[in-house]
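Each chain, letter by letter, is given below.
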Amino acid sequence: ASTLGAAAQQSGRYFGTAIASGKLGDSAYTSIANREFDMVTAENEMKIDATEPNRGQFNFTNGDRVFNWARQNGKRVRGHTLAWHSQQPGWMQSLSGSSLRQAMIDHINGVMAHYRGNIYAWDVVNEAFADGNSGGRRSSNLQSTGNDWIEVAFRTARNADPAAKLCYNDYNIDNWTWAKTQGVYNMVRDFKQRGVPIDCVGLQSHFNSNSPYNSNYRTTISSFAALGVDVQITELDIQGGSASTYASVVNDCLAVARCTGITVWGVRDSDSWLGSSASPLLFDGSGNKKGAYNSVLNAL
Ligand code: XIL
């Protein structure tokens, strides 16, 4: 195969990217994105602040721009994200307790109803665990509504769109030895044991010098998969853009049947949230394929 998406399809997987609605008028950007990728995540446009800027008033203008571009080009869409401590609109930031809990439920229902039946997987809850050695929950206004907020979000999501896979998504849960990874693993195991609906774990996989790729990544992927969930690599970027590290990530996913796909967090280095100088993606700022691109294509 000669593109990332087609190469991933050879093993029944997908290869996706984050798309920014503001760049859909850039033909250099869209031609690479359309040619290479077969799964799309909206980089910001389906987040809480974008989709419910005022309580009870939903706005899908930019989310739909990304969604429609993907669909018109034959691509599937991952939904990102419904319940998160970050990128909350001001009205939600100022809520707490039972009114925040109800607002979260209403938000999940409102956004999922709009895209019902049309999303491959939703990141229902994003980044709910703490960094560091606690292995526990991140403190946030959502966490303060009660420890059951995550399972309430997943139960709400299942009812809102039974066709979507429901994912828990986080960063720094790539290294199997880290407390945060174990904390998420224990939550997913508990959810599966108690019948809380969860279908997938998203490993964001933002690799950098503080959280570098480690060869135990394959153990992380296979361990989550053994709980009975799919694993998706949802926001891959690698500071410095090492071709061999990119190949290792692909090989680790391909080694686990339930690792169903990989998404890189942007098209060209100049599109990355980390800035061009990090050189974290597969295409340079001029749209040329980098060494990392060839490494990924060969590994798929
Ligand atoms: C980032 C976007 O790339 C930026 O454009 C935005 O300013 C901040 O959010 N984890 C996530 C993503 O789940 O939503 C984040 O995306 C990157 C970290």
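Note: the structure precedes this text.
Every value quoted in this text rests on a predicted model; they were computed, and no experiment measured them.

K.L.:
Help me out: how do you make sense of the nonpolar core in this one?
P.N.:
Side chains of a nonpolar character, in soluble globular proteins, are inclined to be buried together. Phe15, Trp122, Val125, Phe154, Phe224 and Leu282 are the most contacted members of the largest nonpolar core, which has 91 residues in total. The contacts of Trp122, once residues within four sequence positions are left out, are Met46, Gly79, His80, Thr81, Leu82, Val111, Met112, Tyr115, Ala164, Lys165, Leu166 and Cys167.

K.L.:
Just checking my understanding: could you explain the pattern of salt bridges for this structure?
P.N.:
Think of it this way: side chains of opposite charge can pair up when their charged atoms draw near. This structure, assessed with the given rule, holds 16 salt bridges. A salt bridge links Asp26 to Arg268; its shortest N-O distance comes to 3.0 Å. Taken as a pair, Asp26 in the loop between β1 (14–19) and α2 (27–36) and Arg268 in the loop between β9 (259–264) and α11 (291–299) lie far apart in primary sequence, 242 residues in all. With relative accessibility at 28%, the residue Asp26 sits in the partly exposed group. When its relative accessible area of 8% is taken as the criterion, Arg268 is described as buried. Here Glu36 ties to Arg35 by a salt bridge, and the two come within 2.9 Å at their closest N and O atoms. What makes Glu36 buried here is its relative accessible area of 1%. Accessibility expressed as a relative area gives 41% for Arg35, which makes it partly exposed.

K.L.:
Hey, could you run me through the state of the cysteines in this one?
P.N.:
In a disulfide, the sulfur atoms of two cysteines are covalently bonded to one another. Applying the stated criterion across every chain, the model contains two disulfides. Linked covalently through their sulfurs, Cys167 and Cys200 form a disulfide whose S-S length is 2.1 Å. Judged by the sign of its S-S torsion, about -90°, the bond between Cys167 and Cys200 is left-handed. In this pair, Cys167 sits in strand β5 (residues 165–170) while Cys200 sits in strand β6 (residues 200–203), placing the two residues 33 residues apart along the sequence. Taken individually, Cys167 and Cys200 each receive the classification buried, so the pair is uniform in this respect. Cys253 shares a disulfide with Cys259; S-S distance 2.1 Å. Judged by the torsion about the S-S bond (-105°), the Cys253/Cys259 disulfide is left-handed. For Cys259, a relative accessible area of 0% puts it in the buried group. Counting only the cysteines that take part in disulfides, in the order they occur along the protein chain, gives the pairing 1-2, 3-4.

Conventions and cut-offs
- Residues numbered from 1 in each chain as written.
- Predicted model: local features only at pLDDT ≥ 70, side-chain atom pairs only at ≥ 80, totals over all residues.
- Heavy atoms only, no water.
- Core = buried A, V, L, I, M, F, W, Y, C linked by side-chain atoms within 4.5 Å.
- Buried < 20%, exposed > 50% of the residue type's maximum accessible area, 1.4 Å probe, protein only.
- Contact = heavy atoms within 4.5 Å.
- Salt bridge = Lys/Arg side-chain N within 4 Å of Asp/Glu carboxyl O.
- Helix = DSSP H or I, 4+ residues; strand = E, 2+ residues; numbered from the N terminus.
- Disulfide = S-S within 2.5 Å.

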